[in-house]
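Residue strings, one per chain:
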Amino acid sequence: EVGKKGIDYARNCIVRTFLQDSDADWLLMIDDDQVVPENFWQLCTVQNADIVSGKTYCWVGNQYLPGRLRVNQYGLVTVPQFEYPVCYNLTPEAKAEAPYPVHVVGTGCIAIRRHVLEALGPDPFHFTYRENGSIQAGEDVNFSVRVNNEGFSIMVHPGVRFGHVKPVDL
C-alpha cells in the first residue's frame with residue numbers, strides 16, 4: 001500500500017499467499033519496473049540452486065561515478081567494527097554463460113524454491129534500521145544474509161537478462 005506499508009510488507013504478503021494458496025515449487029517475484037525477457041522461465045532450470053536471480057542492472061546515486069551503474073549482485077564481508085556484514089558490488093565476468101553463485105541479489109527478478117520459504121517462514125523480508133532511523137539494510141540484503149546463514153544457495157543466471165526501466169532502460 002503506497003504511503004502506508006513498504007516493499008517488505010508487500011513481499012511478505014506474496015510469500016504468504018504463495019505458501020497458502022499454491023503447491024508450486026518456485027515463486028517468481030518480478031518487480032513492475034523490470035523488463036521480462038522471453039526466457040525468464042530459465043531461472044527455474046538451474047540445478048542445485050535454492051534462489052536464482054536474473055542479471056539486471058541498477059543505478060546507485062552516489063559520488064562514485066564508475067560505481068553508479070551496477071549489476072544487482074553483491075558479495076558480503078564481515079568487518080569487525082560493524083555488527084552487520086558489509087555488501088560490496090560484484091562485477092561478473094563479461095563472458096560468463098553458466099549460472100554462478102553470489103551472496104546477495106536484489107529481489108526485483110528472483111525465483112525462490114518453496115522449501116526455502118517453508119524453512120524461513122511467512123515473513124522472510126524485512127528492513128533493518130540504525131539507531132538514527134536510517135536504513136541499515138533493505139529487504140533484499142536481509143533476505144540474502146538470512147538465506148546464507150541458513151545454508152541455502154543463491155545463483156545468478158547470466159543468460160536471463162532483465163531490463164530495468166528508470167528514465168531509460170538500464
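Above this text is the structure in question.
The notes below deal with the structure included here. (Residues numbered from 1 in each chain as written. Predicted model: local features only at pLDDT ≥ 70, side-chain atom pairs only at ≥ 80, totals over all residues. Heavy atoms only, no water.)

A closer look at the environment of valine 102
Within the fold, valine 102 resides in the loop between strand S8 (100-101) and strand S9 (104-105). Taking relative accessible area as the criterion, valine 102 reaches 8% and is therefore assigned buried. Separated by 53 residues in sequence, valine 102 and methionine 155 place their C-alpha atoms 5.8 Å apart. (Helix = DSSP H or I, 4+ residues; strand = E, 2+ residues; numbered from the N terminus. Buried < 20%, exposed > 50% of the residue type's maximum accessible area, 1.4 Å probe, protein only.)

Structural notes on the sheet that holds strand S1 (residues 26-30)
Across a sheet, paired strands are connected by hydrogen bonds in the backbone, their directions being either parallel or antiparallel. If you walk across this open sheet you meet the 5 strands as S1-S10-S3-S13-S8, and the pairing is mixed. Both edges of this open sheet fall to S1 and S8, since each of them pairs with a single strand only. Packing against the sheet, helix H3 (residues 139-149) makes contact with strand S3 (51-55), strand S10 (109-113) and strand S13 (154-161), and its axis sits at approximately 125° to S13. (Pairing = 2+ DSSP bridges. Contact = heavy atoms within 4.5 Å. Axes fitted to C-alpha atoms, helices over the stretch in contact; angles between N-to-C directions.)

Describing the packing of aromatic side chains
Overall, the coordinates contain 2 aromatic pairs when judged by the stated rule. Here phenylalanine 125 and phenylalanine 143 contribute two aromatic rings whose centre-to-centre distance is 4.5 Å and whose plane-to-plane angle is 20°, an arrangement assigned as stacked. Remark: phenylalanine 143 occurs in helix H3 and phenylalanine 125 occurs in the loop between helix H2 (114-120) and strand S11 (128-129); sequence separation between them is 18 residues. Classification of phenylalanine 125 by relative accessible area gives buried; the value is 2%. A ring pair is formed by phenylalanine 127 and tyrosine 129, whose centres lie 6.3 Å apart and whose planes are at 20°; its orientation type is stacked. In this structure, arginine 114 is placed above the aromatic ring of phenylalanine 18, and the distance from its NZ or CZ to the ring centre is 4.6 Å. (Phe/Tyr/Trp six-rings, centres within 6.5 Å; stacked < 30°, edge-to-face > 60°. Lys NZ or Arg CZ within 6 Å of the ring centre and 35° of its normal.)

Digging into a nonpolar patch on the surface
A surface patch of nonpolar side chains, about 410 Å² in accessible area, is lined by Leu28, Ile30, Val36, Phe40 and Trp41. Residue placement: leucine 28 occurs in strand S1. Judged by relative accessible area, leucine 28 falls into the partly exposed class, the value being 33%. (Patch = residues over 30% accessible without salt bridge, like charges linked within 9 Å, V, L, I, M, F, W, Y side chains within 5 Å. Areas by Shrake-Rupley, 256 points an atom, 1.4 Å probe, with all protein chains shown as cover. Salt bridge = Lys/Arg side-chain N within 4 Å of Asp/Glu carboxyl O.)

A look at the pattern of salt bridges
Two side chains of opposite charge can pair, provided their charged atoms sit close to one another. Tallied over the full model, the rule gives 4 salt bridges. Arginine 11 is the partner of glutamate 139 in a salt bridge, and the nearest nitrogen-oxygen pair spans 2.9 Å. Taken as a pair, glutamate 139 in helix H3 and arginine 11 in helix H1 (residues 7-21) lie far apart in primary sequence, 128 residues in all. Exposure remark for arginine 11: the relative accessible area of 5% places this residue in the buried category. Among the ionic pairs, glutamate 118 bridges to arginine 114, the shortest N-O distance being 3.6 Å. Here glutamate 118 pairs with arginine 114, and both are found in helix H2, just 4 residues apart, close to one helical turn. Exposure remark for arginine 114: the relative accessible area of 12% places this residue in the buried category.

Comments concerning H3
Taken residue by residue, H3 has Glu139, Val141, Asn142, Phe143, Ser144, Val145 and Val147 as its buried positions. Backbone geometry just after H3 places glycine 151 at a positive phi near 85°.

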